[in-house]
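The residues making up each chain are set out below.
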Amino acid sequence: MVIEIAFKGNRREFFEWPFEDPPVVKTPVIVEVERGEDLGHVHATGELALKRKAGTTHGKASAKPLPKAIRAANGEEIARAAQLRADEMNVRTRAIEKVRTIGLDLKISDTEWQWDKKRLTVYFTAEQRVDFRQLVRQLEGLFGTRVHMWHIGVRDEARRVDGVGRCGRQLCSASWLPELTPVKSSVAKDQHLSTLNPAQISGACGRLMCCLRYEHEFYVQQR
């Protein structure tokens, strides 16, 4: 059975569930990842997971056999994961200090420990290509683990750190939107929305709001 697992920051991946009884949604499970193990929560199972795997970028990215879910997490393992989440704010602060010391032109958005602490992922945004090899060496010496730098865009950053939109609700990208599809200015023009002031139709990330796409098909049909 194929299951979809959600990790911190709305990161999701697919795994094989090798047991007969399917897991319940939101069940914390230990899964095998490159060079170790990680902990996530079940997001979808069975037919829904297969449908999402066929229709999402993170599901179609690789043709390799799916990694396996190892077991449902116990109380001690869940507590360990919670402790790592609590420590990540301190990790991010120390990583920012290293960036400022070296003088790199990048912004650290978030940090994420792998459950077994064999890898630390640092998510960052940058306008231009950055040579962060010195930063990686210093962070690996500081935290005693393998460090992976992951360059993300501003829309991915908003999805990862979450927030509240101008509608007063949680960002769609962080709550339910399965894919971050491009939003063009022509979509706003089709809805007779002014593009003279982009800030009025832009989301928290500074890009055009994802919700401009929701009613676009209706406007096109009515015309």
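Conventions adopted
Residues numbered from 1 in each chain as written. Predicted model: local features only at pLDDT ≥ 70, side-chain atom pairs only at ≥ 80, totals over all residues. Heavy atoms only, no water. Helix = DSSP H or I, 4+ residues; strand = E, 2+ residues; numbered from the N terminus. Buried < 20%, exposed > 50% of the residue type's maximum accessible area, 1.4 Å probe, protein only. Contact = heavy atoms within 4.5 Å. Areas by Shrake-Rupley, 256 points an atom, 1.4 Å probe, with all protein chains shown as cover. Pairing = 2+ DSSP bridges. Axes fitted to C-alpha atoms, helices over the stretch in contact; angles between N-to-C directions. 1 Å grid on protein atoms, 1.4 Å probe; cavity = no way out; pocket = protein on both sides within 12 Å on 5 of 7 lines; lining within 4 Å. Points joined across faces, edges and corners; volume = space filled by probe spheres on them. Nonpolar A, V, L, I, M, F, W, Y, C, P; charged D, E, K, R; others polar.

1. Digging into the overall build of the protein chain
Then, number 1: If you tally the helices and strands in the protein chain, you get eight helices and eight strands.
Then, number 2: Counting every position in the protein chain, which comprises 223 residues, the buried fraction comes to 39%.
Then, number 3: Excluding contacts between residues fewer than 6 apart, the proportion of contacts in the protein chain whose partners are at least 24 apart in sequence is 64%.
Then, number 4: Accessible surface for the protein chain amounts to roughly 13,500 Å². Of this, 51% is attributable to carbon and sulfur atoms.

2. Topic: the sheet that holds strand 5 (residues 69–72)
Then, number 1: Ordered in space as 2-1-4-3-5, the five strands form an open sheet in which the pairing is antiparallel. Every other strand in the sheet has two partners, leaving strand 2 (12–16) and strand 5 as the edge strands with one partner each. Within this sheet the neighbouring strands show an average axis-to-axis angle of 45 degrees, counted without direction.
Then, number 2: Bridge count between strand 3 (residues 28–33) and strand 5: three bridges; the pairing is antiparallel. When the sheet's bridge partners are listed, Ile30 is paired in strand 5 with Arg71.
Then, number 3: This element, helix 3 (residues 75–102), spans strand 3, strand 4 (36–45) and strand 5 of the sheet and lies at about 100 degrees to strand 4.

3. Some thoughts on the pairing of strand 4
Then, number 1: Alignment of strand 1 (residues 2–6) against strand 4, held across four bridges, turns out to be antiparallel. Residue pairing across strands places Ile3 opposite Thr45, the latter belonging to strand 4.

4. Re the environment of Val25
Then, number 1: When you line up the elements, Val25 lands in the loop between strand 2 and strand 3.
Then, number 2: Between the C-alpha atoms of Val25 and His192, which are 167 residues apart in sequence, the distance is 41 Å.

5. Comments concerning the layout of surface pockets
Then, number 1: When its volume is computed, the largest pocket comes out at roughly 1,100 Å³.
Then, number 2: For the lining of the largest pocket, the secondary-structure elements that each account for two or more residues are strand 2, strand 3, helix 2 (57–60), strand 6 (107–113), strand 7 (119–125), strand 8 (146–151) and helix 5 (154–161).
Then, number 3: Here the lining of the largest pocket gets four residues from one element, more than from any other, and that element is strand 2.
Then, number 4: Grouping the constituent residues of the lining of the largest pocket by class yields 13 nonpolar, nine polar and 14 charged.
Then, number 5: Here the second largest pocket is characterised by a volume of approximately 340 Å³.
Then, number 6: At the level of secondary structure, the elements contributing two or more residues to the lining of the second largest pocket comprise helix 5 and helix 6 (172–175).
Then, number 7: Broken down by class, the residue content of the lining of the second largest pocket amounts to 11 nonpolar, five polar and three charged.

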